[in-house]
Structures are given as structure tokens and as C-alpha cells.
Amino acid sequence: MGLNDSSPGAMRNGRGLSDQWAESVVVRPRTTERHITVHKRLVLGFALSILTLIIVTAVAVVLSVRFEECGGRDRNGGAAGESGSRGSGGSAKLNGSRGERTGERGDDEAAQPWRSSRLPGSIRPRHYDLALAVYMDNFTFSGEVSIELECINATRFIVLHTDRLEVDKVSVTAESGAGGRPANKPGGGAMRIHRHFPYPATQMYVVVLHRELKPLRTYRLNVSFDAAIEDELLGFFRSSYTLHREKRYLAVTQFSPIHARKAFPCFDEPVYKATFSLTLRHDPQYTSLSNMPVDSSSLSDEDGWLTNHFARTPRMSTYYLAWAVCNFTYKETQTGSGVTIRLYARPDAISSGAGDYALDITKKLLGFYQDYFKVQYSLPKLDLLAVPKHPYAAMENWGLSVFVEQKILLDAEVSSSSYQMELTMVVVHEICHQWFGDLVTPVWWEDVWLKEGFAHFFEYVGTDFLFPKWNMEKQRFLTDVLHEVMLLDGLSTSHPISQEVEQATDIDRVFDWIAYKKGAALIRMLANVMGQTLFQKGLNDYLLSHMYSNAARDDLWSKLSQAMRSEGRDIDIGQMMDRWTLQMGYPVVTISKNQSEQLPTHYITISQEHFLYAQEVKSNNSLQWQIPLTVSVGNSSSVSSEILLWINNKTETHRIGQIDDNTWLLGNINQTGYFRVNYDLQNWKLLIQQLHNNPQIISVGNRAGLIDDAFNLARAGYLPQGVPLQLIGYLPEEPSFLPWHSASRALYQLDKLLDRTDEYSLFSDYVLKQVASRYHQMGWPTYGPASEGNVLQASYQTEELQRELIMLACSFGNKQCHRQAVAYISDWISSNKNRIPLNIRDIVYCTGVSLMDEDVWEFIWMKFHSTNAVSEKKILLEALTCSDNTFLLNRLLNLSLTSDLVPEQDVIDVIIHVGRNPQGRNLAWKYFREKWDILNARYGEALFMNSKLIGGVTEFLNTDRELNELKEFIQTSGVGAGPALPRALEIVEGNVRWHRLHRRQFYQWLRKPANSALG
């Protein structure tokens, strides 16, 4: 819908013409009275006819044209919206009445700001009064929202977000003049609305006023609306569970990143922080929860319904608002500072004590974070809500964190220590968000890593606080974060951690492992450069300066630089970190002993280049990083203290301690830096000798790092294929879990590349040779239910090493391992008592299903349906994907998507795990392509899910035929999948290339009778 003042013709045909006619009447010469009278009658009659005709014609033309532009195409959300969306909008897009009139110059976004992908910034919300009536019988809700607005720049448009809402009534009132004075207007300050309409292309709703809103004045927008409680996983959605054979329903919100607009009209961008007062009305058999405690409750005399008024929130972004309507019960505890913590879940889960563990660690974590950040938790309560269905592991809504049941309920009778560790880290992550995210929110989605990177880093720091013996930040962080994200970030299809986000469709793109895991790795590197005390000081200053507000990466760099300067260390953190956050990828640092005769032997040469798996893809040679490289010098009996070298150039020469022919160099001590390290072949030979003779001289973190770097440097062609294989020849002497875990991750990658080749047994026999002695030495765990005390006292590292060795032995075909797994399954079937040790149940289930007959598959399928323990359900479902029977695998795939026998959020895992099975790889790949439209419709909007599915199904495709099939799929069906498909294509091209360039050399090395030489 256009505007009258933007159409000059409409103005001339309106008041302007009648003024001209009036003037012509006034200046006519006098004549006799009778003539004047007759003349006036004739003229007036003629004038009225002409004027009416002109006005009607003009209005009809203008309205028809404007309606076609704004109404017809807008409602379809089609080409008009797409073609009009140019850039990110922002506050500069609309600048009062001047901005509105720029439509005369052809600037559609300024004249019609709803065409932009960003809100115009002319007004901002200060407070929302939101009242909802929730109808659980037919899964609908109705609402009224009253938004207090502050006008920044004069405008006649109120533009905000809605999606799938049926808007009923809209009104606008003037609240006050400048300085907060009441507006004395007839009708209580009501403002005339010219038109209001949705614009689906940008998910916006537009209210066009007759007169401008004035800067520095406040107004109130009132909107009533209706909507459905959807059966999908975003916005305000429903879920269900069964209790005493009765199906029960609940409804809960998931607003991040852009789905609050599905539940109420709002300014759904992070920077538009406001306070919220929520009222929920519903059937009294349900309980309702929100971010804040209930302020008052009342029962209606008319229908007996319950109305809960929740206390006013602090200033927060829309995507952190949350509510739930359910009939759950709860347990609670209280912190020393008076914060009430409750865990809400299904009544049977609460009565069984499944929520007790999470409740206990949450209480400890609130204290830990308050001590670490030196900033108090801001709300009077914190609820943890365990729901059966959720698109993500959890969501950190302020004061009402929502978790999928698998990530928060712990049944001590059937949960392994691995499951407990995973659950612990999810809780630690979400509680950290109450500071990094809720209290201080990134300005825009390009810096989402500012909250997700910190929360992911503190998963390991916070877990170390709870369980110091787990040693997570110094060990498990390396394999599970650093090594994993470097696989992704070594691709040419990677992206900078801070990336421009313009369209709403781009927002999903930034929620990936680059934001989470690379963010965490860079924060860890920075913390090590700064030192613990200064790092904490900088974070405290950052949180205090931006609490209840928004921040960008430069705000963080500024506070951390100030902390450094306070101790006389003049490092420009922003200058250093911009190289890491605004450039994609990471460097490989090559350290060489100086071969030049001009320089003595205590000089080394260090070079950096952009690491890429596809070296033929020309790297951007201009990419350079400021690298904090730590280096140690060692020999067979000792290792020197580390020294820190700052590497700023492509190649540098540095003085280091005395080096001779038997001295080795080691870079990136304890893998605190985000880069790979390569050496000259002689140095690799010395390091491998050291590992074979006395591995303990090198730290456990660096042993794991050498394994990961060697395998990945070889895969990318920087090293001969034999180097990593010879390096892991020392593993029979390795007593620690972490290097084994690092090796097994690399070996599983190779396993999936080779498992369909004719000479596969050469590889599997070599792996079993490395595993055998340590596997037999460690043996199998004994059965016994775990308890918290048990886990705390037991050696976590020993348990995990034992598990890793059993997994490797069974996966690569150790006969004794197979016999043991089959015996456990047979005993369970015959006795109906599950005596399989908790920590290895997933391995035993999978091995048993793969080796035994169809009856075992049916037995596991039955147990999957009968168990109520969420951790047990998960591993039973995964075990079903291990069968060698393609009929059963096909049946499972079809059941998972077409029935509700498999939970909706687990369907993707079923498809991925079938694809990891060599017998199921073609099946899953074919199924994925056939069902893509259904899968994309169901999961396309949910962060991570599409990219997880695409990556999981394609990552082990490695033949020319499969590569061509992927290319064809991308060409015909790949619309809307974002960056996941180009990344998948690069990975599969890399797999095919590895077979072409390196497989022959790889198998040649394995055939050698004595593997003594490198290469």
C-alpha cells in the first residue's frame, strides 16, 4: 500500500485543486446580482461534477496501483519481497519524513521499509504487555500485545515482525510528548491508521498512519491476534508423552533465532531489547511457566480458567522470552543467595529421581559462574524444563531453560559415565548462557560466536569445576573441539567465524560448529595468551559494561586489551584477533632446523600458510595470522621449558636453544593454539623415535596433537602416508586415554574411506595389531549400577580408555571382542536380565545386532519401545542401525519417517547411523535423496538439523559414481539447503581425490614387512 504524500498526482487532485478553483471564483469581476446568482449556480454545479469525477478517478487509480504493489504480491510473499530486499537495512534506512519521501527517487526500501530484510530503526520497543489465552483442546491460542514504543526518527510507518499470525485488531495511541508529558488529544491520544497489512516476504507487519510519529515521544501499539500451536519444533509448539497409558500434551516455545514472531507481533532482532509482562490464561489442569515467577494468579468465576500474571522481566531480546503450558511436576532447591532452582519434567521422571543430578549441578554451577565472572545471577529463579521433543539439545531462555529429555534426565541404573558427561556439559553450557547471551547479547547474528563460543568453552571449564579428575579443558577439549572443528575449517568452503548476515535465511547459516567450536578454541587460545587472572578481569569488565544490553566483538577486544594494559602488557587484542575472526580457516606452521651454514644451529625457520585439504584449490596467499607459537626443545631424556614466539610474517627466523642432530623441536605446547604444526621429515623421525622409546617425555596433550596433525597433514598431502601410520606404532605403550581417542577418531575416518576396498583387511589387521596388547591388558568392565559417588571416585580416564579399546577391538573385528559381545546379548535374551556394563552397552548392542540374526534385532526393537529411560532408548535405537540385513535397515528408515514410533528429533540420527554402516551406506544415500522434500520441509528451519543430516549422510561417500550422484542431486534438488551441500561436495571430492592420489601409497606402506622408514 502506497502513501498519499509520496504520490504528487494525488496531492494535485486533492485539496490543491479545490483551492485553485476557489481562487478563480474569488477574482471574477462583479456583475448584476441575478447574473451572479445564475452564474454561481452553473459554475458550482459544473465544478462539483468535474471535481468529483477527478477525485474519484484519481483515488481509484492510485488505490488500484498501490493495492497491486503492496497487497496483491505482498500476500503471496513472492517476487515483490525478493526483489525489494537489498542489504541489511538498519537504522540508516529510514530517516524520518525525508526517508519516506525518498520513494520519489526510486528507493523502494526507504519508501517501503518492510521490503528490507532488517527493521528500519525509526522506532524501538521499551515494554511489551502480552496476554495469551491457550487452548490445549484444539491447539490454538489468542493474544493481545500492547507495545510501548519510543520514536527515534519521524515516521508514518510502524514495522515489526509477524509470521503465521492472524492479526485481528490494530490501534495506536500517543502516550506522551517530549519529556514524558501526557498527550492531550481528543479520543485519548488515538492515532488514525491509514492501513495495516502483512508482508510475508520479510515476515513483517506494517501499520501505516495518517500522521507522523514524532521523535522523543512514546506511543503504544495494540494488536490482537490468533494462531495455531504448531506440531513442529519452532515458535509456540506442542509435544506429547504417555503416562499410565494416557497421552498427555504440553506446549512450549522455541524462539531462537527468529521465531518469537510466530507467537506474537514483536521487534524480533536481538538489539531491540525491552521488558516483558506476560499473562497466560489456560485450563487449570495445566501449569504455566515463564522467565519470571508468577506475580499473581486468579480463577475465573465464569469458566474456571486459571490466569497467571508473571513478574516483569529485565531488558532482554525477544528470542529469550519463553513460556510453557504443561502438567509436569517439579523438584526444587535453593542457592545460598536465595535463587530458587526448579526442575520440571514428566511426573514419573520426577518421582524416579531422574532430574536430581541436573538440579544438584545447576545449584553448584550458579555459584561457580558468579565467582568466576564476579557478576551475580540476575533473576530470582531458574527453571529447567525437560521436554520430550525439542529441535536442539537445549535452549538457554533466561530463567526458563528448556532441555530435550535425553540431555537432562539421568537414570543412574542405566546411564553410562559417557552419557553423564554429555548431560553435564549440556547443563554447564546452558547455565553459562545466563551471562553470555541472556545478560549480554550479541548486537547481531554475525557475532553469534560471542555467546556460543564462550558457552562451549565453559562447558569444559565448568565441568572441570564439578569433576576435576575428568581434566576436560586440557584433554577432552582437544579431541572433541579443536581436532573436530579443524576438519571443517580446513575446507575451502569454510567461512570466517564473524560473517555478514543480511537475509533472515542467512541467520541459520551462522549457527554451525565454526561458531561454537572454533569460537571456543579461539577463546581458549586467547585465555592462554592473557593468563587466567587478566582473562577473568577482562570478562568481568565486559559483562558489567554491557549487562542488560548488547555488545559486538570490538567491545570484547577493548575490555580484554584494557585488562592487559592494566598489567603493563601492551598487546592490541583486537588487531591480533581480527585476523582469526574475520579470515576463514587457520594456518599450518612449519618449523625447520636451520640448514644454512651462515647461521649457527640454534636458529630455526618458521613459516605459515593457509592449511587446506584440497591443496590444488588455490589458497588466498594474502592470508596471514598473528600466531602465538609456543616451542620446546627436547631429547631422549628431557624437554626444555616452552618459549613464546609471535609469528607475524610468512617466514621468520628465530633464535632458540642449542640444537644438535638428536634434538627434536615441538610446537604448540599442550595445543593451546588454533593451528597445525608440521616439521621437516628428520624432526618427525626424532619425535616418532621419542614416542616409541619414552612417550611420557612429551605431554599427553601433545601426544594426542601429534597424532591428529600427522594424520591430517598426510591426508592433505603435506606428509607421506606412512608417517602417521608409523607414529601410532607406539600406541601399545600408550597408557593414557587422550592419545588413543585422538588416534581412534583418525582411524575411523580412514575406516570409512577404506571399508569397501578389496584390501581393507590390510588396514584392519594393522589397527588390531596396535590395539591387541593394551585391549587384553585392560579387559572388560564388570557389571554394577553406577552412582554419583562411584563416578566421582572412579578413574574416569581409565574407564574411558577401556571403553575406547573395546570399541576399536570390536569395530575392527577382534574375535574375542565379538564373542564377548554375543555372550552378553545371549545372556540378556535368555535371562531377561541386562547384565551388560553400562559404559559399553552401546558397543555391545551394536556388535550383537551386526553379528546375530533377525531375532536379536526384533528383541532390541521391542526393548526400545518398552524402556522409559531416555539414555537407554537412544543407544537401543542406534544399535538397530548396525544390522547387516538391508531389509531390516530399510524397514527402520521407513518406520522412522512415516510413523511416530521414532521420536521426531531422532529421525536424522537414524538416517546418519544407517549411512555409517557399510551395508547401509547406499541405502541411506538413496533414501535421503528420495525423501529430501519431506525431510527439508520438516527440518529445514531448525538450526543444525539440515546441515547435520546432509553432512552425516554424505561424508563417507567416496566413489566417482557417488560423487556424480551428489552433483546431480545438488543441481536438481539442492535449493534451500544453504552451505551444507557445497561443503558436502568438497568433502566427497576430497575422499575421491584421496583414493586417486594416496590409497596406493597407503596400502604399499602397510604391505612392508618392516615399517622402519618414513614415507
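Rules behind the numbers
Each residue is numbered by its place in its chain's sequence as written, counting from 1. Given that this is a predicted model, residues contribute local features only at a pLDDT of at least 70 and side-chain atom pairs are listed and counted only at 80 or more, while totals for whole chains, interfaces and linings are drawn from all residues. Excluded from the side-chain calculation are hydrogens and water; included are all heavy atoms of the structure. One speaks of a salt bridge when a side-chain nitrogen belonging to Lys or Arg is within 4 Å of a carboxyl oxygen belonging to Asp or Glu. Under the DSSP-based scheme used, a helix requires at least four consecutive residues in state H or I and a strand at least two consecutive residues in state E, with every element numbered from the N terminus. Only protein chains enter the calculation, and the probe is 1.4 Å; a residue is then buried if its accessible area is under 20% of its type maximum, exposed if over 50%, and partly exposed in between. By this definition, two strands are paired if DSSP reports at least two bridges between them. Only the stretch in contact is used when a helix axis is fitted, and all axes are lines through C-alpha atoms; the angle between N-to-C directions ranges over 0 to 180 degrees. For classification purposes, an angle smaller than 35 degrees is called roughly parallel, one larger than 145 roughly antiparallel, one from 65 to 115 roughly perpendicular, and anything else oblique. It is the rotation of the near helix from the far one that decides the hand of a crossing: anticlockwise by less than a right angle makes it left-handed, clockwise makes it right-handed. Two residues qualify as a contact provided that any one of their heavy atoms is within 4.5 Å of a heavy atom in the partner residue. For this classification, the nonpolar set comprises Ala, Val, Leu, Ile, Met, Phe, Trp, Tyr, Cys and Pro, the charged set comprises Asp, Glu, Lys and Arg, and every other residue, Gly included, is treated as polar. Each pair of aromatic rings taken from Phe, Tyr and Trp, with Trp reduced to its six-membered ring, is defined by centres within 6.5 Å and is described as stacked if the planes are under 30 degrees apart, edge-to-face if over 60, and tilted in the remaining cases. Sitting over a ring, as applied to charges here, requires NZ of Lys or CZ of Arg to be within 6 Å of the ring centre and within 35 degrees of the ring normal. Under the convention used throughout, the expected extent of a helix is 1.5 Å for every residue step, that is, one less than its residue count. Note on scores: pLDDT gives the predictor's confidence for each residue, bounded by 0 and 100.

## What about the pattern of salt bridges?
All told, the structure shown has 49 salt bridges when counted by the stated rule. K389 is the partner of D231 in a salt bridge, and the nearest nitrogen-oxygen pair spans 3.2 Å. Residue D231 is found in the loop between strand 8 (218–228) and strand 9 (235–243), and its partner K389 is found in the loop between strand 18 (381–387) and strand 19 (394–395); the two are separated by 158 residues along the sequence. The exposure class of D231 is partly exposed, given its relative accessible area of 46%. With a closest N to O distance of 2.9 Å, E930 and K926 form a salt bridge.

## Some remarks on the sheet that holds strand 6 (residues 193–199)
The strand order across the open sheet built from three strands is 3-7-6, with neighbouring strands paired in antiparallel fashion. Since the sheet does not close on itself, it has two edges, and those belong to strand 3 (155–161) and strand 6, each with one partner. Adjacent strand axes in the sheet meet at a mean angle of 20 degrees, parallel and antiparallel pairs treated alike. As judged from the six bridges shared by strand 6 and strand 7 (residues 204–213), these two strands associate in the antiparallel manner.

## Some thoughts on the packing of helix 27 (residues 886–898) against helix 29 (residues 921–930)
For the pair helix 27 and helix 29, interaxial distance at closest approach is 10 Å and the crossing angle is 30 degrees. Taken together, helix 27 and helix 29 sit at an angle that is classed as roughly parallel. In the packing of helix 27 onto helix 29, the handedness of the crossing is right-handed. Residues T886, L889, N890, L893, N894 and L897 of helix 27 touch helix 29, and the partners they reach there are L923, A924 and Y927. Looking at the contact of helix 27 with helix 29 residue by residue, the classes come out as six nonpolar, three polar and no charged.

## Observations regarding the packing of aromatic side chains
Per the counting criterion, the structure on display carries 64 aromatic pairs. Here the aromatic rings of Y766 and W1005 are separated by 5.8 Å at their centres, their planes lie at 90 degrees, and the arrangement is edge-to-face. With Y766 in helix 20 (residues 760–778) and W1005 in helix 34 (residues 999–1007), this pair connects stretches of sequence that are 239 residues apart. The same class applies to Y766 as to W1005, namely buried. Aromatic side chains W994 and F1002 sit 5.5 Å apart centroid to centroid with 70 degrees between the ring planes, which places their arrangement in the edge-to-face category. Like F1002, W994 is buried. The ring of F139 has R238 lying over it, and the distance from NZ or CZ to the ring centre is 4.4 Å. Residue placement shows K873 over the ring face of F864; its charged tip is 4.9 Å from the ring centre.

## Concerning the packing of helix 30 (residues 932–939) against helix 31 (residues 945–954)
It is at 9 Å that the axes of helix 30 and helix 31 come closest, and there the two elements cross at 145 degrees. Counting all contacts with helix 30, which are made through W932, L935, N936 and Y939, the residues of helix 31 involved are M945, N946, L949 and I950. Tallied by class, the residues present in the contact of helix 30 with helix 31 amount to six nonpolar, two polar and no charged.

## Description of helix 17 (residues 700–715)
Between the first and last C-alpha of helix 17 there are 23 Å, a value that for 16 residues agrees with the 22 Å anticipated at 1.5 Å per step. Among the 16 residues in helix 17, 15 count as buried, and that is most of the element. Immediately beyond the C-terminal end of helix 17, within one or two residues, lies G717, with a positive phi of roughly 90 degrees.

## Concerning the confidence of the model for the protein chain
Looking at the protein chain as a whole, its pLDDT mean stands at 86, while 85% of the residues score no less than 70. This model gives residues 59–106 a pLDDT under 50, and the stretch forms 103 contacts once residues within four places in sequence are excluded.

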